[in-house]
Each structure stands twice: as C-alpha cells, then as structure tokens.
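# Summary of structural features
Here is how the chains run, residue by residue.
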Amino acid sequence: MIRTAGVTDVTDVTEETFTAEVLESALPVLVQFTADWCGPCRQLAPVLGEIAREEADRIRIVQLDVDRHTAISVRYGVLATPTLMVFRAGEPVKSIVGARPKRRLLQELEDVLAPVDPTDR
C-alpha cells in the first residue's frame, strides 16, 4: 500500500473490494493506479488527498497498487503509472495518464464530477 503522510481521504482498494468501492459507488470514483516505486504517484498523492477532502460530496478517490492487484490493471488496460481512471455507474468514463497540478486536474475532472445539490449547502 502506498503510504503518504497526511493523506487519509484516499482509500486503498484491492481486487476483493474493487466492486463494492468503485463499481457500485453512488458517486463517481477516481481510481489512481499506482505503485510503491512510482515517483510521480508519490507527487500526486497529496493533490489527490486535497481533492478527496474538498470534493467529497462530488467524487470518491481511491488507489489501487498495480503490482499487488494486476488483474484489475490488466482488465482496464493500465500500462503506466500513475493512471487516473474515473468510473461512473460501474463504467470507466475518463482516463488520465501522468501527474498533474491540482488546478489542471480539477479542470480535467469537471465534466465527470457529480453535480452538487444546492439544498445541501
């Protein structure tokens, strides 16, 4: 599991929990396909932690270690890390390869974030 200080809002998923945590989620889910040895993954981790906290009502963020859970990585054609894949209603709807600054990543995710209900605010 990837461990980054201060990042507690990004859940680790496994082959056993992937269906429940990702495919059956009511919110869109961004999956970071990552690895312990991946430098850009470590750079991206605090950015994803911030987005997970700030956008918790619009998207869930999880990470999956590609070395420990190869079947899912192969199923979705992940060839590089970090790969960010957004799932909505059990289907992949967006894929982004490589690390991004927070502002750019949020811009790229805007079309897949769940709408916010104004009555909840």
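Now for a look at the structure at hand. (Residues numbered from 1 in each chain as written. Predicted model: local features only at pLDDT ≥ 70, side-chain atom pairs only at ≥ 80, totals over all residues. Heavy atoms only, no water.)

Strand order in this open sheet of 5 strands is β1-β3-β2-β4-β5, and the pairing throughout is mixed. The open sheet has two edge strands with one neighbour each: β1 (11-12) and β5 (91-97). Of the strands in this sheet, β2 (29-34), β3 (60-65) and β4 (83-88) are in contact with helix α2 (residues 39-54), which crosses β2 at around 165 degrees. (Pairing = 2+ DSSP bridges. Helix = DSSP H or I, 4+ residues; strand = E, 2+ residues; numbered from the N terminus. Contact = heavy atoms within 4.5 Å. Axes fitted to C-alpha atoms, helices over the stretch in contact; angles between N-to-C directions.)

This part covers the packing of α2 against helix α4 (residues 102-109). Direction vectors running N to C along α2 and α4 enclose 55 degrees, while the axes themselves pass 10 Å from each other. Judged by the angle between their axes, α2 and α4 are oblique. Two packed elements cross with a definite hand, and for α2 against α4 that hand is right-handed. Together, L44, V47, L48, E50, I51 and E54 of α2 and K102, L105 and L106 of α4 make up the contact between the two elements. Looking at the contact of α2 with α4, its residues break down into 6 nonpolar, no polar and 3 charged. (Parallel < 35°, antiparallel > 145°, perpendicular 65-115°, else oblique. Left-handed = near helix turned anticlockwise from the far one by under 90°. Nonpolar A, V, L, I, M, F, W, Y, C, P; charged D, E, K, R; others polar.)

This part covers the nonpolar core. Core analysis: the largest hydrophobic core is formed by 17 residues, its most contacted members being F18, V22, V31, F33, L64, Y76 and F87. Contributing elements (two or more residues each) for this core: α1 (18-23), β2, β3 and β4. Among the elements that make up this core, the one with the highest residue count is β2 (3 residues). The residues contacting F87, other than those within four sequence positions of it, are F18, V22, L23, L27, P28, V29, V31, Y76 and P92. (Core = buried A, V, L, I, M, F, W, Y, C linked by side-chain atoms within 4.5 Å. Buried < 20%, exposed > 50% of the residue type's maximum accessible area, 1.4 Å probe, protein only.)

On to α2. Compared with the 22 Å implied by 1.5 Å per residue over 16 residues, the 24 Å span of α2 between its first and last C-alpha is a close match. Along its length, α2 reaches its greatest deviation from straightness, about 30 degrees, at A45, and the proline P46 lies no more than four positions downstream. (Expected span 1.5 Å × (residues − 1). Bend = angle between axes of the 7 residues up to and from the residue.)

We now examine the state of the cysteines. One pass over the structure, following the stated rule, counts 1 disulfide. The disulfide bridge from C38 ends at C41, spanning 2.3 Å between sulfur atoms. Handedness of the C38-C41 disulfide follows from its S-S torsion of about 80 degrees: it is right-handed. Residue class for C38 comes out buried when judged on its relative accessible area of 2%. Under the relative-accessibility criterion, C41 is labelled buried at 1%. (Disulfide = S-S within 2.5 Å.)

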